[in-house]
Amino acid sequence: MDSYSHAAKYYDHLYHFKDYSREVEFIAKIIRKCQGDGEISLLDVACGTGVHIKHFRDHYFEAEGLDLSPQLLDTAGKRNPGVRFHKGDMTCFDLHRKYSVITCLFSAIGYVKTISGLESAAKCMADHLLPGGLLIVEPWFTPDAWRPGTVHTSIVDEPDLKIVRMNTSAVAGRVSVLDLHYLIGTPVETSHEFEKHELGLFTAVEMSSAFERAELAVDFDPEGITGRGLYICRKEPSGA
Ligand SMILES: C[S@@+](CC[C@H](N)C(=O)[O-])C[C@H]1O[C@@H](n2cnc3c(N)ncnc32)[C@H](O)[C@@H]1O
């Protein structure tokens, strides 16, 4: 079962504060600088509800999405009629096609959990790039930046939907653990749901090494789109 199986229908409500349009504006500039004004084919890996894809299409990129969660993909499809969405695992997918750009945003890469998962995902994404193509990955926390024992809440306060999501951050070895408790109020009932999310904590060296092992040249912007940094990796123009 994927981590988002319970709260998938509330995903967009919970992340209402994210400025997807501005994030895509930032990434589109990087893409245009590296790839020029020609046609761009883009795959958004771990695309969630497809909001980045909607904005990439506003920039005239031909976009597709891939995600593990059928519920999130369903929302993504409704948001982006005519766009191809694939159900797949970022560590082992094969779409029989290559793209000029692959993105993996909002720290989704952390869900691969282990270094071997990270290396498999990096290789799999690199294998789907055209020669000279770009892989753009927004990382999760590094081990030294993660603070176990801190308490977090997210709140949705709409007329017919109230949600309080609360968790105490924990760590198990090199994996961050988020036990997310949701209290969800609708006009029908108030209910409680629970999800466990586990994301690997990778150092900058481990991230870069995984991309380099996939034969990509790595550049790192420590700020990126949300302050978590951004890996901008390029496949050799002569690569297969
Ligand atoms: C924090 S959300 C980010 C979603 C989207 N990129 C965004 O910015 O809104 C993490 C996403 O990773 C997806 N995911 C988790 N593990 C995955 C895997 N192994 N392969 C593909 N997608 C995965 C989840 O289903 C979820 O959509």
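Cut-offs and rules
- Residues numbered from 1 in each chain as written.
- Predicted model: local features only at pLDDT ≥ 70, side-chain atom pairs only at ≥ 80, totals over all residues.
- Near = placed C-beta within 6 Å.
- Nonpolar A, V, L, I, M, F, W, Y, C, P; charged D, E, K, R; others polar.
- Helix = DSSP H or I, 4+ residues; strand = E, 2+ residues; numbered from the N terminus.
- Contact = placed C-beta atoms within 7 Å.
- Axes fitted to C-alpha atoms, helices over the stretch in contact; angles between N-to-C directions.
- Parallel < 35°, antiparallel > 145°, perpendicular 65-115°, else oblique.
- Left-handed = near helix turned anticlockwise from the far one by under 90°.
- Domains from an automatic or database assignment.
- Buried ≥ 20, exposed ≤ 12 C-beta atoms within 10 Å, placed from the backbone.

Asks: Residues and numbers for the site of the ligand, please.
Replies: The local shell around the ligand holds 19 residues, among which Ala46, Gly48, Phe106, Ala108 and Tyr111 are the closest. Across the shell around the ligand, the residue classes tally to 11 nonpolar, five polar and three charged.

Asks: Break down the environment of Ala170 for me, with residues and values.
Replies: Along the polypeptide, Ala170 turns up in strand β7 (residues 161-172). Note: C-alpha distance between Ala170 and Ala145 (25 residues apart in sequence) is 13 Å. Excluding residues that lie within four positions of it along the chain, Ala170 makes contacts with Pro148 and Val177.

Asks: I'd like a rundown of the packing of helix α2 (residues 20-35) against helix α3 (residues 51-58), residues and numbers included.
Replies: α3 packs onto α2 with a crossing angle of 55° between their chain directions and a minimal axis gap of 9 Å. The angle between the axes of α2 and α3 places the two elements in the oblique class. Handedness of the α2/α3 crossing: right-handed. Counting all contacts with α2, which are made through Tyr20, Ser21, Glu23 and Val24, the residues of α3 involved are Val51, His52, His55 and Phe56. Residue classes in the contact of α2 with α3 are distributed as four nonpolar, three polar and one charged.

Asks: Go over the packing of helix α5 (residues 115-127) against helix α6 (residues 204-213), please, and point to the residues and values.
Replies: The geometry of α5 relative to α6 is characterised by a closest axis approach of 8 Å and an angle of 40° between their N-to-C directions. Between α5 and α6, the angle is such that the two are oblique. As for how α5 packs across α6, the hand of that crossing is right-handed. Each of Ile115, Leu118, Glu119 and Ala122 in α5 lies in contact with α6, whose residues at this interface are Glu206, Ala210, Phe211 and Arg213. Of the residues contributing to the contact of α5 with α6, the split by class is five nonpolar, no polar and three charged.

Asks: Report on the domain arrangement of the protein chain, specifying residues and quantitative values.
Replies: In many reports, interface size means the accessible area that the parts give up when they come together. Domain annotation for the protein chain reports domain 1 (8-142 + 201-235) and domain 2 (151-200). Averaged C-alpha coordinates put domain 1 and domain 2 at centres separated by 24 Å. Residue-level contacts link 14 residues of domain 1 with 12 residues of domain 2. Breaking the side of domain 1 that touches domain 2 down by element, the ones donating at least two residues are α1 (11-14) and α5.

Asks: Any chance you could break down the environment of Leu129 for me, citing the residues and the numbers?
Replies: You can see Leu129 is positioned in strand β5 (residues 129-137). The exposure class assigned to Leu129 is buried, which follows from the 24 C-beta atoms found within 10 Å. Linking Leu129 and Leu199, residues 70 residues apart in sequence, is a C-alpha distance of 25 Å. Apart from the residues lying within four places of it in its own chain, the contact partners of Leu129 are Lys98, Tyr99, Ile102, Leu135 and Lys235.

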